[in-house]
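Coordinates in review
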Amino acid sequence: MWSGLFTHLTESWNNFKGLDPNYTTWMDIMEKHGYRTQKFGKLDYTSGHHSISNRVEAWTRDVAFLLRQEGRPMVNLIPKKTKVRVMEEDWKTTDRAVNWLRKEATNHTQPFVLYLGLNLPHPYPSPSSGENFGSSTFHTSRYWLKKVSYDAIQIPEWLPLSEMHPTDYYSSYTKNCTGKFTEKEIKNIRAFYYAMCAETDAMLGEIILALHQLGLLEKTVVIYTSDHGELAMEHRQFYKMSMYEASAHVPLLIMGPGIKANQQVSDVVSLVDIYPTMLDIAGIPLPQNLSGYSLLPLSSEIFKNENKLKNLHPPWILSEFHGCNVNASTYMLRTNQWKYIAYSDGASVLPQLFDVSSDPDELTNIATEFPEIAYSLDQKLRSIINYPKVSASVHQYNKEQFIKWKQSLGQNYSNVIANLRWHQDWLKEPRKYESAVDQWLKTDTNQKKYEQK
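Summarised in this report is the structure supplied together with it. Since we're looking at a predicted model, the values are computed, not measured.

Now for the side chain of His165. Position of His165 among the secondary structure elements: in the loop between α5 (142-145) and α6 (166-174). Of the residues examined, His165 reaches a relative accessible area of 10% and is grouped as buried. Those residues in contact with His165, other than ones at most four positions away along the chain, are Tyr343, Val349, Leu350 and Gln352.

Written out as structure tokens, the structure reads:
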């Protein structure tokens, strides 16, 4: 979103390896063209963020072991019925953004661009799982839960563990989701997630209300989106790190002058399109090397007419993931009808193909049933990205980074690695897991196959 480039072009391989701190973003370019700019809240797109556990789990995804890396997904209800500001940090950030609009946006003749990054509806930390813990708690109050139509919540269908794609099984296991869950547990997790979304919506409402009160709403473009979705127990997973719709299909709402109201665009688009869209809104010429396309030609007839000679968005999008909770680099080519998912080198792990028009829940992998379609989409994917080569680069990066990290710890290594987020499993058989790491370090970077437990 910040670079306008595909992940492999910036080599942002995981939550730790992001953009260089001096990378020129769309906001930097807008500032150079006279915009008053301001950022508030979550900003973790540059390198160096997230926990040690997060990066070590990503680096060691090729090691031949399976370890739970998260607490079991759960819910936590604040009994106070009137508690509105549950995620207090996000509300403080929203207040800061509103105050900035009131003090700064109306007192200058230059145009402004404001970025507000929220944590919600991200799950909350789960300290009950030990000293080192992930974020697996869906947390809300009765105030927000009452806004959810509980009876309308559907229980997602799950494949038996034995029939899951091996990469999905790895993800489900490391996310601590292979145990038994009652229908009530699953439904509550989904209900609490929707309640957290409702609280997020209210924060957006505060921004829109402030713009309205300041007389800025009619001349301000507002874009609302997210860096990932939430599986909320679909496909026996929570969190993200997946190419399934609940994880990869994020909201993208645009309102403002020249944007047609109540229009739903069915075209597939991507977060890499945000960069050129922001510059296009400002009337700034677009760099030639961007992976994304401006979305203005899709927003209204006016922009369509003005942009007839410009490059229009292709009928596909690319998504890729190389981080933790997935034991293979993952690549998705998505069109309106098809979703093709390739892994690693394209040979060691079987691909997936879904007809999302007839199978919206993505329960039936038809890659072997329709090999000609899978082949055609794979060839298209390879024309966009040499994904076997990219996967090899990621494998090499993971091993090199792990070796540097291990060497930096010296004699402390065994203690530190044993007490990361996977500590509850690791400490049962520490020698076994250290031995697996040592064996991985002695081998080349070819991907290992994992046996299901």
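Anyway, onward from the coordinates.
A few words on unusual backbone geometry. Cis geometry is adopted by the peptide bond preceding Pro121, which originates at Leu120 and carries an omega value of 0°. In this fold, Pro121 is placed in the loop between β3 (112-117) and β4 (137-141). Positive phi outside glycine occurs at Met241, with the angle close to 55°. Position of Met241 relative to the elements: it lies in the loop between β5 (222-225) and α8 (245-248). Despite not being glycine, Glu362 shows a phi value in the positive range, around 55°. Within the element layout of this structure, Glu362 appears in the loop between β10 (352-355) and α11 (371-384).

For the rest of this paragraph, the subject is helix α12 (residues 387-409). An ideal rise of 1.5 Å per residue puts 33 Å on 23 residues; α12 measures up with 33 Å between its terminal C-alpha atoms. When α12 is considered as a whole, its buried residues turn out to be Tyr387, Val390, Ser391, Val394, His395, Tyr397, Asn398, Lys399, Gln401, Phe402 and Trp405. Just past α12, the residue Gly410 takes up positive phi, approximately 60°.

Scanning the model with the defined rule gives 15 salt bridges in all. Asp378 is the salt-bridge partner of Arg382, the closest N and O atoms lying 2.6 Å from each other. Pair noted here: Arg382 and Asp378 are both in helix α11, with a separation of four residues, about one helical turn. One connected set of salt bridges, linked through shared partners, spans Glu245, Arg334, Lys339 and Glu362.

The buried fraction of helix α3 (residues 52-59) is high, at seven of eight residues. Listed as buried for α3 are Ser53, Asn54, Arg55, Val56, Glu57, Ala58 and Trp59. Elements that come into contact with the buried residues of α3 comprise α12 and α15 (430-442).

Here His313 lies in the loop between α10 (301-306) and β7 (317-321). Taking the relative accessible area as the measure of exposure, His313 reaches 19% and is therefore buried. A polar atom in the side chain of His313 sits 2.7 Å from the side chain of Asp273. Setting aside its immediate chain neighbours within four residues, His313 contacts Val268, Val269, Ser270, Asp273, Tyr293 and Leu295.

Thresholds applied
Sequence order as written defines residue numbering, which begins from 1 separately in each chain. In view of the model being predicted, local features appear only for residues whose pLDDT reaches at least 70, and side-chain atom pairs are presented and counted only at 80 or more, with totals across whole chains, interfaces and linings using the full set of residues. As a rule here, side-chain values cover all heavy atoms of the structure and leave hydrogens and water aside. Secondary structure elements follow DSSP: runs of H or I of four or more residues count as helices, runs of E of two or more count as strands, with numbering from the N terminus. Residue burial is assigned from relative accessible area. The probe radius is 1.4 Å, only protein chains are included, and a residue is buried under 20% of its type maximum, exposed over 50%, and partly exposed in between. Every residue pair with non-hydrogen atoms within 4.5 Å of one another is taken to be in contact. Given the number of residues in a helix, its expected span is that number minus one, multiplied by 1.5 Å. Between Lys or Arg on one side and Asp or Glu on the other, a salt bridge is scored when a side-chain nitrogen of the former is within 4 Å of a carboxyl oxygen of the latter. What qualifies as a polar contact is a pair of N or O atoms within 3.5 Å, subject to a donor-acceptor requirement within protein and to the restriction that residues adjacent in sequence count only when both atoms come from side chains.

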